[in-house]
Amino acid sequence: MSSLVKEDLEKRLFGPRRQRLHEFIEVEGAGAQRHYLCAAVNKSKEVEICMVKHWRVDREEKYEIVERWFLKDLEMIDGKEADTDNPYFDMHFHKVYNMEAYSCASKYTFARTLSNLNAMYLKKDFKIVNFDDTYLNDDSIWSSSNRDFVVVMKVCFYAFSLLCLSLCRLS
């Protein structure tokens, strides 16, 4: 589903502006519309972060950029609490914007994307605080490209534990 939304966003919103959409996440918004936080690179190699409102009129999908920032203006991303599974984070520009991602995983995906885009285009020092570094690093075995690995490992661990328990003799 998300790949279809990304394709639609690229075709209808970012493509005509000659921008390349790198990542988007769904964030909580008010009303029946959906909102996406997007990271895109424009033709002059500036990284833009924008809030996109998505709604449907009859059978047609509509998208509108309602807020726009530049990565060069981002001072800090605050994940609020690194040791709890929560979707809340703050983006510190000239003012602080409170966000609620659809999930904790998408919050980490977006922070990782901004960090990678910063490394590619800006090489600026901005802070990513209150995130678990294990999940932010791409070279980690637990990174987003391997996010299912954690789930599979847990399932295998529980299955192995159940097997061991079932083979134990109860006297």
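To be clear, the structure that these remarks concern was listed above.
Report follows, based on the coordinates.

About the cut-offs
- Residues numbered from 1 in each chain as written.
- Predicted model: local features only at pLDDT ≥ 70, side-chain atom pairs only at ≥ 80, totals over all residues.
- Heavy atoms only, no water.
- Core = buried A, V, L, I, M, F, W, Y, C linked by side-chain atoms within 4.5 Å.
- Buried < 20%, exposed > 50% of the residue type's maximum accessible area, 1.4 Å probe, protein only.
- Helix = DSSP H or I, 4+ residues; strand = E, 2+ residues; numbered from the N terminus.
- Contact = heavy atoms within 4.5 Å.
- Salt bridge = Lys/Arg side-chain N within 4 Å of Asp/Glu carboxyl O.
- Expected span 1.5 Å × (residues − 1).
- Arc of directions from axis to C-beta.
- Polar contact = N/O pair within 3.5 Å; in protein donor to acceptor, adjacent residues only side chain to side chain.

1. With respect to the nonpolar core
Leu37, Ile49, Trp69, Leu74, Phe89, Met91 and Leu114 are the most contacted members of the largest nonpolar core, which has 27 residues in total. If you list the elements that add at least two residues to this core, you get strand E1 (20-27), strand E2 (34-41), strand E3 (47-57), strand E6 (88-92), strand E7 (96-100) and helix H2 (104-122). The greatest single-element share of this core, amounting to six residues, is contributed by H2. If we ignore the near neighbours within four places in the chain, the residues touching Leu74 are Ile49, Met91, His92, Phe93, Leu114, Lys124 and Phe126. Formed by 13 residues, the second largest nonpolar core is a distinct cluster that contains Leu13, Phe24, Cys50 and Ile65.

2. Observations regarding the environment of Glu67
As for its placement among the helices and strands, Glu67 is situated in strand E4 (residues 60-70). Taking C-alpha positions, Glu67 is 7.3 Å from Val52, a pair spaced 15 residues apart along the chain. Ignoring sequence-local partners within four residues, the contact set of Glu67 consists of Ile49, Cys50, Met51 and Tyr97.

3. Describing the pattern of salt bridges
Side chains that differ in sign of charge can pair as their charged atoms come close. All chains considered together, the criterion is met by eight salt bridges. Close ionic contact of Glu48 with Arg68 constitutes a salt bridge, the shortest N to O distance being 3.0 Å. Of this pair, Glu48 sits in strand E3 while Arg68 sits in strand E4, and the two are 20 residues apart along the sequence. Asp90 serves as the salt-bridge partner of Lys80, at 3.3 Å between the closest nitrogen and oxygen. One end of the pair, Lys80, is in the loop between strand E5 (76-78) and E6; the other, Asp90, is in strand E6, and 10 residues separate them in sequence. What makes Lys80 partly exposed here is its relative accessible area of 34%.

4. Side note on helix H1 (residues 2-14)
Taking 1.5 Å of rise per residue, the 13 residues of H1 would be expected to cover 18 Å, yet its terminal C-alpha atoms sit only 16 Å apart, more than 12% below that figure. If you check which residues of H1 are buried, you get Val5, Asp8, Leu9, Leu13 and Phe14. Down the axis of H1, the sector holding all buried residues measures 155°, keeping them to one side. For H1, the exposed residues set more than 90 degrees away from the buried face come down to Ser3, Leu4, Glu7 and Lys11. Packed against the buried residues of H1 are E1, E2, E3 and E4.

5. Points about the side chain of Glu48
Using a relative accessible area of 5% as the deciding quantity, one classes Glu48 as buried. Of the polar contacts made by the side chain of Glu48, one reaches the side chain of Gln19; its length is 2.9 Å. The contacts of Glu48, once residues within four sequence positions are left out, are Gln19, Cys38, Ala39, Ala40, Asn42, Arg68, Trp69 and Phe70.

6. So, unusual backbone geometry
Positive phi is not limited to glycine here, since Arg18 has a value of about 60°. Considering the arrangement of structural elements, one finds Arg18 in the loop between H1 and E1. With phi around 55°, Asp58 is a residue other than glycine that occupies positive phi space. For Asp58, the position within the fold is in the loop between E3 and E4.

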